[in-house]
Structure formats: structure tokens, C-alpha cells
Amino acid sequence: MNFDAHLPRATPIQPKAVPGRFRDIAPLIIGFLLLIATAAATANLVAEQDANRAELRRSVRIRDAIFTLYSGLQDAESGQRGFLLSGDETYLKLYEEAGARTPGRLSTIAEAVARNPGMSAIIARLSRAAEAKLGEMRETVALRRTGQVEAALARMRSGEGKHLMDEIRSLFGEAQADNYRRLISRQEQAGEAARQVQLAVAAAVVLIVLLGAYVVIDASRRHQRTLRAHAALQEANASLIEAAATRDMLEDRLRQSQKMEALGQLTGGLAHDFNNMLAIVIGNLSLLKRRLERGERAVERYAEQALKAADRAATLTHRLLAFARKQPLAPEAIACNRLIAAMSDLLRRSLGESIRIETVAAPDLWTTKADANQLENAILNLAVNARDAMPKGGRLVIETDNVHLDETYAARNPGVPAGPYVLVALTDSGGGMPPDVAAKAFDPFFTTKPVGQGTGLGLSQVYGFVRQSGGHVAIYSEPGRGTTVRLYLPRHLGDAAEMARVTPTMLPEGSAREVILVVEDEDGVRDLAVAALRDLRYTVIHAEGAKDALQKLDTHPEIALLFTDVVMPEVNGRELAQAVHERRPDLPVLFTTGYTRNAIVHNGLVDADVQLLAKPYTLEQLALKVRQAMVREAA
């Protein structure tokens, strides 16, 4: 069914062309580029201004250093003259301090003006003159200290010291003048840089204001476009909601149609199979009655045919419950290798000599927990299906292994938890199936066999049993390459139970001393159970409900077993058993039911303390279960 034909069409919103988008943002890009350029220029101007300021500070330091040098030499000369004239050593303090500091001051000044060739030349001459002056003063001081006063005064009056000091004074003036010129130049450069910085900052502020105005205008324009687009989207969304509602309605109709079709297929399959089986039962029983009325005794075959048909009907019911995952299971720890080995004779008889059976058993196979009878039935079902797929004979491989389904596999198969599993795989060499057929293999009443050769419930029963046991089933098939069915059963951390299967050689019977209370609300079923138990030589008391059963239990303390249906009006079988155990805690209870949800079965598993006989049952099954319940309680 094409849903799209019924849906309204929404007009798509076309995106604007790329050149139009670029035109929208081009002014903003240009403005930001200009702002970046202005910021970079401002940064350069600020750096230049910082350099000018540093140079100003350096020029001031040079000026102060030259002045300090000149003052120190003057102080030294004054101390020298005072000592020469008076001979007082205290005058030499200034002379000695100046003499000690002058070389360092000269070195500092020379380093400061090293990048200025003109100033470096002046400082070099100043250094030579200062050293000569210091030398002249040292000689006069030395003469005066040795007592040669006249010689020292004569040296001072010779004019040599005055000449050197005049030269120092002249060089000091040149240095100060040159430094002053540079200081003025740096101040002018710093002022110009400051003006340029101010202009750049002003330009940046104007540009930021313009950009802000553009952004506001552009944002307003974009907001208007967004409002228009939002309105268009709301209109489109309303159309989509309407389309989705229409689609949902059509999908619901389709699902309902498919559900009714599946239900019709299921009902049709059930009606067909049950009508066939009932026809056999009714027809044979009618013939049996007619022959008995005539006094004939050779009627065994009619009874056998009716029983076979009834047994097939019971099997069909069990398979439906298995597919629906509603059958009660009695799980136990199983060693699959041992179970398959014990089935070897049964499989060979069922498959015939034309099928070669090969078993590949994994060493150290993990234990799993499942209903052993149902697992045997599942393996037998798959083996029979494999046999039917190989009409001319072939090979069937039964394989076991320890596997771990990872998260990736679990994600591809919803409902399958990741973790460790015990694998039981059956592979045949038959013709295989195309993908569309393999996809329906587990559907109920789906079969590729000719009419009358299969119910279409075999694989669905296997599927329901494995999923109810917490496992997973996968089928792999290709035309011409055979089919593999894999059963993944959850790993069980524990030892496997013994696989003993005791088949009684004769029907176990009771005695008249053993009294059984039968509780069944369906008259026909109750009468049949009472007759069957009495035929097995038991004494039987019966009741049609819980109230009547409790009264008879109180008046018949000799009752040795409670045999009760589970599903009954007002009080179910489990509630009746609890009330009985309050009176007789040691009284064994055997439940029987055709279908139950949660009275004695939880999550598909029979409660551990429950003995259950599923309906319909044969006389042999009834005899065995009653005997087991009594013997178990006695033990």
C-alpha cells in the first residue's frame, strides 16, 4: 500500500544562493578586517611610543651620568687643591671617592652610547681627558705626601691641570648638547606617536560604532527573515503533522488488516486441522457405537483411530501453546552432549537409513537449563524437517559448541541479550530455501510441504520453546546448499542432572485403600478422571469446586492425594491447595490444566514444588503421574 499517495505535499523551502549569502556578510567581513588592521597599526604605534619613551629615559640617564662624572672630577680637583695648599688629609676624601668611581662611570656611559657613533667619539675623548686629569692629580698628591711641597705646587701652577679640566668641561658641554638634541628629537617623536595612537584609537572607535550599527541593522533584517522562515516552518510543520496523522491512521488500518489476515490464517489452520481430527474421532466413535450395538466385538481399530486423532489434536494444542510461549516448562540442568547421545537410536529410527547422522560434540560443553522433554522434541522436530528436505537421502550434522553472542550481534537481533550460550545446530544437505521462504519458516501454519504432510507448527513450536527458555533461534539457508537451524540456549552455571528416562513396562495401579480427592468444575472431565482412577483401582471422592472439596476433606481424613484442576471459578487450584495444606500439610497435590497463566506457572516455568499433569492426558500418563506424586510425598 502506498501511503505517500494520500499525503499532502509541502512546498520545500529553497535555500538562498551562495553569492547572495556572501553579499550579506561581505560588509561585516570587510569591517572586521579593517578593525583588525586598525588594531595592528595601533599596536605598532603603541610599541613605537614605548620605544620612544625608553629612549627618552635612556637619554636622561646618560645626561645624569655625564653630569655626575663631571661633578665628581670637579670635587676631586677641589680636594686635590685643598690638600696641596694645607696638607690636610681630610681634603682627599672627595678626591679618593671621585678617583674610585670615575672609571665605572665612564664605562657605564660608554656602554649607554655604544649605538650612537657621534656620542661614542665624544665619550672616548672625555675618557682620555678624565684619565689624564686623574693622573695629573695623583702625581701632585704623591709629591705633597713625600714632602715635596714646592714641586707639587709648581706642578699645579704649571697650568696642565687647568688645561685638562678645560678640555673636560668642553667635552662635557658637547656631550650634553648632543644628548639634549637627541632628547628633544625623541620627545617630538613620542608626541607624534601619541597623536597617531590617538587618531588610530579614534578611528577604531568610529569603526566599532559603524560595525555595531551594521550588526544591529543586519540582526534586525535577519530577525525579520527568521520570523518569516519560522512562519513558513510552522505552516510546513502543520502540514507534516496532518500528513503524519494521516499516515498513522493508514498504518493502523494496515496493521489491523494484517492482524485480521494473520488471525484468519491462524483460525483457518486451526479449524482445518481440528475439523479433520474431530471428523476422525467422531466418525470412528460413531462406527464403534454402531458395531457395539450390533453385538460386534472386532472394534479395536475404530478406537485406535479415534485415539490417534485425539492425540494429534492434543499435540496441535501443545504446539500452539509453545509458539505463544504459554506452555508450562519444567527446566533442569542439561548436558546437551549426553541428551543428544541418548537420542541417537530414536533419531535413526525416525529418519531412516537414507539419512546419515553425524554428531560433532564440543569438548567441555557448558551446561544449559531447559525442559529436557521439550528440548528433545525440538531436536526431533528439526531432524524430521531435515529428513523431509532430503527425500532422496543425505546427511544431517548435529553440532554443539560454546559460543558468546556479543553486543553487535545483540544489537542486530532485538530481544537477544549478549552473553554466553550453549549452541545446538542441525545442518542438512537438502535443497535449502530462498530468503523469502526462510523468513517465514517460524510462522505458525506456514509450510512448504504438500497438503496432509505437515501442520506448519513444527518450527514455530521450536521457536516458542527456545524463546520461552531465554534463548534464541536462527535459521540460515540457501537454495541448493541446505539449511542450518541454530538453537542458542543460555549457559547455566551448575552441574547437569542425570538424564534418566524411566519408561514403565506396565501400567502402575493403586489399591482401594488409597483414596484420591478429584476436584474439577467441568462435569465431563471430572467424570472421566473419576472413571479412569477407579479403573486404576483407586478409591475416588470427587467435588466440583473448592468449597465442596474442603468439606469432603474434613469428613474423609483417609484421603491420600488431592487431584485438582488449576483454572476454576471463584477459587483456583493453587488457592485450594494452600487451604488444604493448612489442614493437611503432608497431603500430596497433583495439578492438572489445559492452560494457565500464573497460578502454578511463573514466567513460563512450573513452580519448583508443583506436580503437574497437562490436559489432555492418557490413562497411562494419569497412572504414572498419580503414582509419582504419591511416591514422592512418601519419600
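Residues numbered from 1 in each chain as written. Predicted model: local features only at pLDDT ≥ 70, side-chain atom pairs only at ≥ 80, totals over all residues. Heavy atoms only, no water.

Caption draft 1: Spotlight on the sheet that holds strand β11 (residues 589-593). Taken in spatial order, the 5 strands line up as β9-β8-β10-β11-β14 in an open sheet, and their pairing is parallel. Strand pairing shows two members of the sheet lacking a second neighbour, β9 (539-543) and β14 (612-614), which therefore form its edges. Geometrically, the sheet is characterised by an average inter-axis angle of 20° between neighbouring strands, direction not taken into account. Pairing between β11 and β14: 3 bridges, direction parallel. When the sheet's bridge partners are listed, T592 is paired in β14 with L613. Each of β8 (515-519), β9 and β10 (559-565) is contacted by helix α13 (residues 523-535), which is oriented at about 170° to β9, the strand it contacts most. Helix α14 (residues 546-555) contacts β8, β9 and β10 of the sheet and is inclined by roughly 140° relative to β9. (Pairing = 2+ DSSP bridges. Helix = DSSP H or I, 4+ residues; strand = E, 2+ residues; numbered from the N terminus. Axes fitted to C-alpha atoms, helices over the stretch in contact; angles between N-to-C directions. Contact = heavy atoms within 4.5 Å.)

Caption draft 2: Fine view of the packing of aromatic side chains. Evaluated as defined, the whole model comprises 3 aromatic pairs. A ring pair is formed by Y409 and Y488, whose centres lie 6.3 Å apart and whose planes are at 55°; its orientation type is tilted. Taken together, the positions of Y409 in helix α10 (residues 407-412) and Y488 in strand β7 (residues 482-492) put the pair 79 residues apart, joining distant regions of the chain. For Y488, a relative accessible area of 4% corresponds to the buried category. With centroids separated by 6.3 Å and ring planes inclined at 65°, the aromatic side chains of F563 and Y617 adopt a geometry described as edge-to-face. In this pair, F563 is assigned in strand β10 and Y617 in the loop between β14 and α16 (619-634), connecting sequence segments 54 residues apart. Sitting above the plane of the F83 ring, R144 keeps its charged end 5.9 Å from the centroid. (Phe/Tyr/Trp six-rings, centres within 6.5 Å; stacked < 30°, edge-to-face > 60°. Buried < 20%, exposed > 50% of the residue type's maximum accessible area, 1.4 Å probe, protein only. Lys NZ or Arg CZ within 6 Å of the ring centre and 35° of its normal.)

Caption draft 3: Representation of the environment of E514. Tracing the chain through its elements places E514 in the loop between β7 and β8. The sequence separation of E514 and E558 amounts to 44 residues, and the corresponding C-alpha distance is 7.9 Å. The residues contacting E514, other than those within four sequence positions of it, are Y538, T539, R627 and M630. Side chain to side chain, E514 and R627 meet in a polar contact 2.8 Å long. (Polar contact = N/O pair within 3.5 Å; in protein donor to acceptor, adjacent residues only side chain to side chain.)

Caption draft 4: Structural context of α13. Relative to the 18 Å expected for 13 residues at 1.5 Å per residue, α13 spans 18 Å between its end C-alpha atoms, a close match to the ideal helical length. Positive phi shows up at R537, right after α13, with a value of about 80°. (Expected span 1.5 Å × (residues − 1).)

Caption draft 5: Region of interest: the pattern of salt bridges. Inspection of the entire model under this criterion finds 11 salt bridges. The partner of R356 in a salt bridge is E358, and the shortest N-O contact between them spans 3.2 Å. Judged by relative accessible area, which is 26%, E358 ranks as partly exposed. For the salt bridge of D554 with R583, the shortest nitrogen-to-oxygen distance reads 3.2 Å. Placement of D554 in helix α14 and of R583 in helix α15 (residues 573-583) is noted, with a sequence separation of 29 residues between them. Judged by relative accessible area, which is 49%, D554 ranks as partly exposed. (Salt bridge = Lys/Arg side-chain N within 4 Å of Asp/Glu carboxyl O.)

Caption draft 6: Geometry of the side chain of T483. By the secondary structure assignment, T483 is in strand β7. Polar contacts involving the side chain of T483 include one to the side chain of S477, which spans 2.8 Å. Aside from chain neighbours lying at most four places away, what touches T483 is L426, T427, D428, G432, M433, I475, Y476 and S477.

Caption draft 7: Geometry of the packing of α14 against α15. Across the interface, α14 lies against α15 with an axial gap of 11 Å and an inter-helix angle of 20°. Here α14 is positioned roughly parallel relative to α15, judged by the angle of their axes. For the element pair α14 and α15, the recorded crossing hand is right-handed. In this structure, α14 contributes A546, A549, L550, L553 and D554 to the contact, and α15 contributes L576, A579, V580 and R583. Considered class by class, the residues forming the contact of α14 with α15 number 7 nonpolar, no polar and 2 charged. (Parallel < 35°, antiparallel > 145°, perpendicular 65-115°, else oblique. Left-handed = near helix turned anticlockwise from the far one by under 90°. Nonpolar A, V, L, I, M, F, W, Y, C, P; charged D, E, K, R; others polar.)

Caption draft 8: Layout of the confidence of the model for the protein. For the protein, per-residue confidence averages 77 on the pLDDT scale, and 78% of positions sit at 70 or higher. Predicted confidence for residues 1-18 stays below pLDDT 50, and this span has 20 contacts to residues more than four positions away or in other chains. Segment residues 598-607 is flagged for pLDDT under 50; beyond a separation of four residues in sequence, or across chains, it makes 26 contacts in the model. (pLDDT = per-residue confidence, 0-100.)

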